[in-house]
Amino acid sequence: MGTSQNNLCYDLLNKRLIQPDMLHFDPALLKYPNWKGHRFLREEVANFLSHYCQAPSPLKADNVVVMNGCGSLFSSIAAAVCDPEDAFLIPTPFYGVITNYLRLYSDVRLFHVDLDCEDFREDSRCFHLTVAHLEEALQEAKTKGVNIRGLILVNPHNPLAEVHSPQEIRDFLEFAKRHELHVIVDEVYMLTVFDESATFQSVLSLDRLPDPQRTHVLWGMSKDFAMPGLRLSAVYTENRDLVEALDKLASFHGVSGITQHQVARVLHDRDWISGEFLPENRRRLQAAHRYLTGELQTLGVPYLHSPAGLYVWADFRKYLRESSFSEELSLWRCFLRHKVVLIFGQFFSCSTPGWFRIVFTDQQDRLQLGQSTHFLAYFLCMERIGKALKEMTQLLQDSDYLMDNEEKRTQVSCGMMKVLELGDPVTRFRLAQSCVGLGGCLGVSFAVWTPQWLGDRGLWTKQNDTDDVHLSDRTEGIFFKALEAERVFGVLSFLMAVSSGALCLVFALCWTSQTVRSYSNTRSLLMAGQALYPSTLLLLTSSTTGLFFLLCWSLFTYQHWDEISQDSSGPGVSYWLGALGWFLLLIVQPVVFLVEQFVVPDILPELRKATESWYSVSHLTYAFRSQSARHHEAEKERGLRRIMSTP
């Protein structure tokens, strides 16, 4: 439900595309073509647009240029009419990949005309474009020193599925004429209008274009004929200089001769288009749209009422904890966890977080029950969307998410969800392991720096030096070395105890099972799968501390074994607390760790899924970056200029 692709009418296309006239081969089709398209195809495109756009007079084939997709046309037109770092005005939200199209050749940018919908009502027109918005954006661009060369309009709109009225289109073109701006009008969805109450009027249907030399209309086979894999689109413009410039660039975006022949045959068959394909396609689009909007109404999700397109622009703002794009991304990840792919508003540079585009033509599978048609795939998808929204609603009701913003930011920055929360096995084991480690570290620290060893003879008192006259000659050298090592291991164990104890406090007070999931940057999930898990980290640090002190304690015990064996109370409190410390760190701590491994399920599979979600985001975010990096100095030195001189 993410890709705008019509999969509802492949059976209709299959019947037409296997007809004998589609299999014609001519030697001319296998040779290098006229790059802007074979003459026979451009004539068919001109005739097709004249008929379905209701042009007042027949359109001319010489004004048609064919390329392999509207993206190629966007790139080529921008390179022809703009200098590097010039910009086009474009209303938001818009199809985000247009940003990349314009950057391809000459780093042309987009200047957003931000439209919002803060107060959405059934009778309101959200994200509605007016000339006042365009005037305001143009003045803002001039203030910022941005050179605006043109305006991009999409009609019917993507993702809003809105259809501009003829008067609105004329007003936009008049605005462009006043400011000497080129206008690229993308009408690739013009035949997807399925609501009989709506009227689509093409720019080419106007009796007189305000500025025909700067008005360029795009159309293609991808949406209206459900053939995005065919890769064929066309631009109609009366600007001969632009046609010649596009002819030069078309060698990089050519279409095979065989494909051109097949498209020409389809466009020529008006009986099939008007009598069979378009009526049935519109009926199926209307049925799919009706089903989706009905399900959205059942779920209580508002949406824009639209008469065209392959998608619905839906409002999920009430499922955000706050109005931010990070929360929108969290909701998108929630959909992903439930195996539903929707496109979030930030991809379309939407100024208001919480809007999503839902494609309703993504599956053709249908389950026939009696005389009614139930879209089984859509039912499953909507069921998953419902589960995702239920999950988000539960989160919104959770008291953790009802804290004020300042407190929430403070707690999230520490990675905290709840202090000493014991609601799940992970948290309980974490607390137990932290307490065991902290107790062992305190025992070790107390034992190293207190004198209660064999009658107040600690590790650092003179009485424990190896020149004691009572030491036998046989062991004097050994005890000298052992005593020095004993002090070294004591210092090391104390330093390790301090760091391990601090780590235990952090995990005891600031870490729960939800801490990993609270990170705003999903890459932390990836690191949680690659680095040490808290339980493992505590085990390693505690074991090292206990091992160092065990060596210290063992050497002292070996040195004074005769005295200790005679009186078990003689070694003193420090001695036995040290023994308790290394016992907790080396014996009890590993036991707790092993029990946790058998009792608590592994969370790494969930982390990997979240990581895959982050990778998806990283690819999607590239598409809606509105400002591109500058070209390298070498590119600037070449002095890229406009290919053509425009009026």
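Every chain begins its residue count from 1, and numbering advances along the sequence as written. Only residues with pLDDT of at least 70 are given local features in this predicted model, and only at 80 or more are side-chain atom pairs given and counted; all residues enter the totals for whole chains, interfaces and linings. Based on all heavy atoms of the structure, the side-chain values leave hydrogens and waters out of the count.

The next point concerns the environment of G439. Numbering of helices and strands starts at the N terminus; helices are DSSP runs of H or I of at least 4 residues and strands are runs of E of at least 2. On the secondary structure map, G439 appears in helix α14 (residues 425-449). Burial classes: relative accessible area under 20% of the type maximum marks a residue as buried, over 50% as exposed, and values in between as partly exposed (1.4 Å probe, protein chains only). Given the relative accessible area of 30%, G439 is considered partly exposed. In the structure, G439 is positioned 145 residues away from L584 in sequence and 7.5 Å away in space, judged by C-alpha atoms.

On to the sheet that holds strand β4 (residues 148-154). Here we have 7 strands laid out as an open sheet, ordered β1-β7-β6-β5-β4-β2-β3, and mixed in their pairing. Two strands in the sheet have a free side with no partner beyond their single neighbour: β1 (64-67) and β3 (109-113). Strand-to-strand twist across the sheet, computed as the mean angle between neighbouring axes with direction ignored, equals 25°. Two strands qualify as a pair provided DSSP detects at least 2 bridges between them. In terms of strand pairing, strand β2 (residues 87-91) meets β4 through 3 bridges, oriented parallel. When the bridges of β4 are listed, F88 appears paired with G150. Only heavy atoms matter for contacts: two residues are in contact if any of them lie within 4.5 Å across the pair. Only C-alpha atoms enter the line fits that serve as axes; for helices the fit covers just the stretch in contact. Angles between N-to-C directions range over 0 to 180 degrees. Along the sheet, helix α4 (residues 98-106) makes contact with β2, β3 and β4, crossing β3 at roughly 145°.

Glancing now at the packing of aromatic side chains. Pairing of aromatic rings covers Phe, Tyr and Trp, the last through its six-membered ring, and needs centres within 6.5 Å; plane angles under 30 degrees mean stacked, over 60 mean edge-to-face, and all others mean tilted. Scanning the model with the defined rule gives 21 aromatic pairs in all. Each ring, one from W219 and one from F225, has its centre 6.2 Å from the other, and the planes form 90°; the classification is edge-to-face. Within the aromatic cluster, the residues linked to one another by ring pairs are F48, Y52, W219, F225, W272 and F277.

Let us now look at the confidence of the model for the chain. Residues shown with low pLDDT carry predicted positions that ought not to be read at fine detail. Note on scores: pLDDT gives the predictor's confidence for each residue, bounded by 0 and 100. Chain-level statistics for the chain give a pLDDT mean of 80 and a share of 75% at 70 or above. The secondary structure element of the chain with the lowest average pLDDT is strand β11 (residues 367-369), at 34, and the one with the highest is strand β5 (residues 182-186), at 98. The low-confidence segment residues 465-483, where pLDDT is below 50, has 14 contacts with residues more than four positions distant or belonging to other chains.

Here the focus is the pattern of salt bridges. By convention in these notes, a salt bridge is any Lys or Arg side-chain nitrogen within 4 Å of a carboxyl oxygen on Asp or Glu. Here the structure, examined in full by the defined rule, presents 16 salt bridges. As a salt-bridge pair, D11 and R284 come within 2.8 Å of each other at their nearest N and O atoms. Separated by 273 residues along the polypeptide, D11 in helix α1 (residues 10-17) and R284 in helix α10 (residues 270-299) bring together distant segments of the chain. Here D11 falls in the partly exposed class, since its relative accessible area comes to 31%. Judged by its relative accessible area of 11%, R284 falls in the buried class. What emerges from the salt-bridge pattern is a single network uniting D11, E280, R283 and R284.

This brings us to the packing of helix α9 (residues 257-268) against α10. Look at α9 against α10: their axes get within 5 Å of each other, and the N-to-C directions meet at 60°. Listed contacts from α10 to V266, L267 and H268 of α9 are R270, W272 and I273. Gly falls in the polar group here, along with every residue not listed as nonpolar (Ala, Val, Leu, Ile, Met, Phe, Trp, Tyr, Cys, Pro) or charged (Asp, Glu, Lys, Arg). Per-class residue counts for the contact of α9 with α10 are 4 nonpolar, 1 polar and 1 charged.

Those residues of α1 not exposed but buried are L12, L13 and R16. The arc that holds every buried residue of α1, seen down its axis, measures 95°, which confines them to one face. Residues of α1 that are buried in the fold lie against α9 and α10. What the arc covers is the set of directions going from the helix axis to the C-beta atoms.

Right, let's get into the pairing of β4. The buried fraction of β4 amounts to 7 of the 7 residues, a majority that puts the element mostly inside the structure. We call a crossover right-handed when, viewed with the strands running away from us, the connection from the first strand over the helix to the second turns clockwise. Regarding topology, helix α6 (residues 166-178) serves as the crossover connection from β4 to the parallel β5, and that connection is right-handed.

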